[in-house]
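Observations on the three-dimensional arrangement
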Amino acid sequence: MSRNKKYLAAKALIDPKKHYSIVEAVNLAKKTSTTKFDASIDIAIKLNLDTTKAEQQLRGAIALPYYLGKQTKVLVLSETLTAAEAKDAGADYYGGKDKIDEIKGGWLDFDVIITTPKFMPELSKLGKLLGPKGLMPNPKLGTVTTDVVKVTKEFKKGKANYRTDTYGNIHMVIGKVSAAAEKIVKNIEALLEFISSKRPATVKGDYIQGIYISTTMGPAIKISLVH
């Protein structure tokens, strides 16, 4: 069966007019996965935000109850840790100005930089390179810190960054098709509770306007806003 036929067959299992419960949506997502590999399950949350206003641009980091995604490659920049201490904390790469020089040369084989404040002046010069890729360390994300060991361990256990896009949407991976449904459900519930707690005071009307999940290359499934 071609990829297109698989997609259409999967889409036919979903009622486009129905808003599914979280449990129903997760089970349906697993059933409608069309890939041969272990696909990710992604969530899209549409928020009633005006992202032209600074206070309505949500950004931060969250650790979901169950880490069901790929391992995060962490680069640690510190003037106090030894290489052995960084490795014990889970760092994939460690250094200081030497690593910043490698980044200047085009090296970007990492998912997050955790650094002490000392290196921010040098890193800020690389804003055009790191910024568009979401790799610039930021105190709001906890990635500029004096306790790099603690933060490194958190990210290696599954802590992930989130941010609203231009249209007020948040996209995140919340599991794998092979993962237990109840773990994916717990991740979704925890994420929705967390995002709800971040509602800006200036937002009027309904805050969460839509919730959808889908697998890699799979059809979208609407989740009920009432839980």
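Parameters and conventions
- Residues numbered from 1 in each chain as written.
- Predicted model: local features only at pLDDT ≥ 70, side-chain atom pairs only at ≥ 80, totals over all residues.
- Heavy atoms only, no water.
- 1 Å grid on protein atoms, 1.4 Å probe; cavity = no way out; pocket = protein on both sides within 12 Å on 5 of 7 lines; lining within 4 Å.
- Points joined across faces, edges and corners; volume = space filled by probe spheres on them.
- Nonpolar A, V, L, I, M, F, W, Y, C, P; charged D, E, K, R; others polar.
- Axes fitted to C-alpha atoms, helices over the stretch in contact; angles between N-to-C directions.
- Helix = DSSP H or I, 4+ residues; strand = E, 2+ residues; numbered from the N terminus.
- Parallel < 35°, antiparallel > 145°, perpendicular 65-115°, else oblique.
- Left-handed = near helix turned anticlockwise from the far one by under 90°.
- Contact = heavy atoms within 4.5 Å.
- Pairing = 2+ DSSP bridges.

1. Structural notes on empty space enclosed by the protein
Summed over the entire model, instances satisfying the criterion amount to 1 cavity of 30 Å³ or more. The computed volume of the largest cavity comes to approximately 40 Å³. Residue composition of the lining of the largest cavity, by class: 6 nonpolar, 3 polar and 1 charged.

2. Some points on the packing of helix H2 (residues 22–31) against helix H8 (residues 181–197)
Where H2 contacts H8, the axes come no closer than 10 Å and their chain directions differ by 130 degrees. Between H2 and H8, the interaxial angle falls into the category oblique. As for how H2 packs across H8, the hand of that crossing is right-handed. Two secondary-structure elements touch here, H2 through Ile 22, Val 23, Val 26, Asn 27 and Lys 30 and H8 through Ala 181, Ile 184, Val 185, Ile 188, Glu 189 and Leu 192.

3. Comments concerning the sheet that holds strand S3 (residues 74–77)
One open sheet accounts for 3 strands, arranged S4-S3-S5; its pairing is parallel. The two strands at the open ends of the sheet, each matched to only one other strand, are strand S4 (93–95) and strand S5 (112–115). On average, each strand axis in the sheet is tilted by 20 degrees relative to the strand beside it, whichever way the strands run.

4. Quick look at the sheet that holds strand S8 (residues 208–215)
Taken in spatial order, the 4 strands make up an open sheet running S7-S1-S8-S9, and their pairing is antiparallel. Of all the strands in the sheet, the pair left with one neighbour each is strand S7 (169–176) and strand S9 (221–222). The sheet contact formed by S8 and S9 spans 2 bridges and is antiparallel. The partner of Ile 213 across the bridge, within S9, is Ile 221. Across the sheet, H2 is in contact with strand S1 (40–47), S8 and S9; its angle to S8 comes to roughly 30 degrees.

That is the geometry; function is a separate question.
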